[in-house]
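# A closer look at the structure
Residues per chain, in single letters:
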Amino acid sequence: WALDRVTFRRILMENTSRKRRMYESFLDQVNLLRPLQNYERLKIADALDSVTFQPGEKIVEQGENGDNFYIIERGVAIVTRKDANGGETEVNRLQRGEYFGELALLSNRPRYATVTAETELKAVSMNKRAFDRLLGSLTVLMQRNTAQYQRLPGESIDFAQTPNSIAQSTAGI
């Protein structure tokens, strides 16, 4: 069977439009994305992939290379950090509208913490290339927000120099 160009484009446009409508109201509620214009949020919606995790499933693991950014649509995630002795400490709980995975993408370093689904968790994810392209204008805001993350004594987060950011350390912020 074959599909003519007009039919293919109509199907593609309908699918894109449906995806945008589905994520439009959700993205409006994400604090990080509020400074963006509506058309910028719609571009982000186009780049998102929906992912689901079961309770107890690790989404990202401390020390791994990071290649995705996540925003929680539904459910609860637990953020833990390993100390020098290998012990794990819960440092945060995340829920609808909260995000994670940005530190590894901003700093080009391994994952800073482990994030595990506490309940069934539905999230949207964005790969690094889309993250850099679409969220570049929010880089400084995300770097500033890292000041609230729990660190081990003497630890800092150094951000790599990127075209959209100013290299800085969050130590002492």
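One structure accompanies this document, and this report is about it. (Residues numbered from 1 in each chain as written. Predicted model: local features only at pLDDT ≥ 70, side-chain atom pairs only at ≥ 80, totals over all residues. Heavy atoms only, no water.)

### Digging into the nonpolar core
Cut-off, in case you're wondering: Residues belong to one nonpolar core when they are buried, are Ala, Val, Leu, Ile, Met, Phe, Trp, Tyr or Cys, and are joined through side-chain atoms within 4.5 Å. Partly exposed residues are those whose accessible area sits between 20% and 50% of the maximum for their type, while under 20% is buried and over 50% is exposed, using a 1.4 Å probe and protein chains only. For helices the rule is a DSSP run of H or I covering at least 4 residues; for strands it is a run of E covering at least 2, with both sets numbered from the N terminus onward.
Ranked by internal contacts, the top residues of the largest apolar core, which has 22 residues, are Leu 27, Leu 33, Ile 44, Phe 69, Ile 71 and Leu 135. At the level of secondary structure, the elements contributing two or more residues to this core comprise α1 (5-28), α2 (38-47), β3 (68-74), α3 (102-107), β8 (121-127) and α4 (128-134). Ala 77, Leu 103, Ala 117 and Ala 123 belong to the second-largest nonpolar core, a separate cluster that totals 16 residues.

### Things to note about the environment of Leu 3
This is how the line gets drawn: Working rule for contacts: check all heavy atoms of both residues, and any pair within 4.5 Å makes them a contact.
Tracing the chain through its elements places Leu 3 in the segment before α1. Excluding anything up to four places from it in sequence, Leu 3 contacts Phe 8 and Ile 11.

### Quick word on the side chain of Glu 73
Put simply, the test is: The positive count covers Lys and Arg only, the negative count covers Asp and Glu only, and His and the chain ends enter neither. Salt bridges are defined as contacts in which a side-chain nitrogen from Lys or Arg sits within 4 Å of a carboxyl oxygen from Asp or Glu.
Within the secondary structure layout, Glu 73 lies in strand β3. With no salt bridge to any partner, buried Glu 73 finds its closest opposite charge in Lys 122, at an N-O distance of 4.1 Å.

### Observations concerning the sheet that holds strand β4 (residues 77-82)
Condition: Strand pairing requires that DSSP identify at least two bridges connecting the strands. Fitted lines through C-alpha atoms serve as axes, helices being fitted only where they are in contact, and the angles separating the N-to-C directions of these axes extend from 0 to 180 degrees.
One open sheet holds the four strands; their spatial order is β2-β7-β4-β5, and the pairing between them is antiparallel. Here the strands that pair on one side only, and so sit at the sheet edges, are β2 (58-60) and β5 (88-94). Each adjacent strand pair in this sheet contributes to an overall mean axis angle of 35°, direction not counted. Bridge analysis of β4 against strand β7 (residues 114-117) gives four bridges, and the strand direction is antiparallel. Counterpart to Val 79 in the pairing with β7 is Val 115.

### Digging into the sheet that holds strand β1 (residues 49-53)
If you trace the four strands from one edge of the open sheet to the other, you get β1-β8-β3-β6, paired in antiparallel fashion. Taken across any chain shown, the strands that pair with only one partner, and hence form the sheet edges, are β1 and β6 (99-100). With two bridges connecting them, β3 and β6 associate as antiparallel partners. Paired with Tyr 70 across the strands is Phe 100, a residue of β6.

### Things to note about a nonpolar patch on the surface
We count it as follows: Grouping into patches uses exposed residues only, defined as over 30% relative accessible area, and leaves out salt-bridged ones; the cut-off is 9 Å for like charges and 5 Å for nonpolar side chains (Val, Leu, Ile, Met, Phe, Trp, Tyr). Where accessible areas are quoted, they stem from the Shrake-Rupley method and a 1.4 Å probe; at the residue level, only the protein chains shown are allowed to cover.
A grouping of Trp 1, Leu 3, Phe 8 and Ile 11 is seen on the molecular surface, where their side chains present a nonpolar patch of about 540 Å² in accessible area. Note that Ile 11 resides in helix α1.

### Describing the environment of Leu 27
Assignment of secondary structure puts Leu 27 in helix α1. Leu 27 sits in the buried class, given a relative accessible area of 1%. Considering only alpha carbons, one finds Leu 27 and Ala 45, 18 residues apart in sequence, at a separation of 7.8 Å. Residues contacting Leu 27, with those up to four places away along its chain left out, are Leu 33, Arg 41, Ile 44, Ala 45, Leu 48 and Ile 71.

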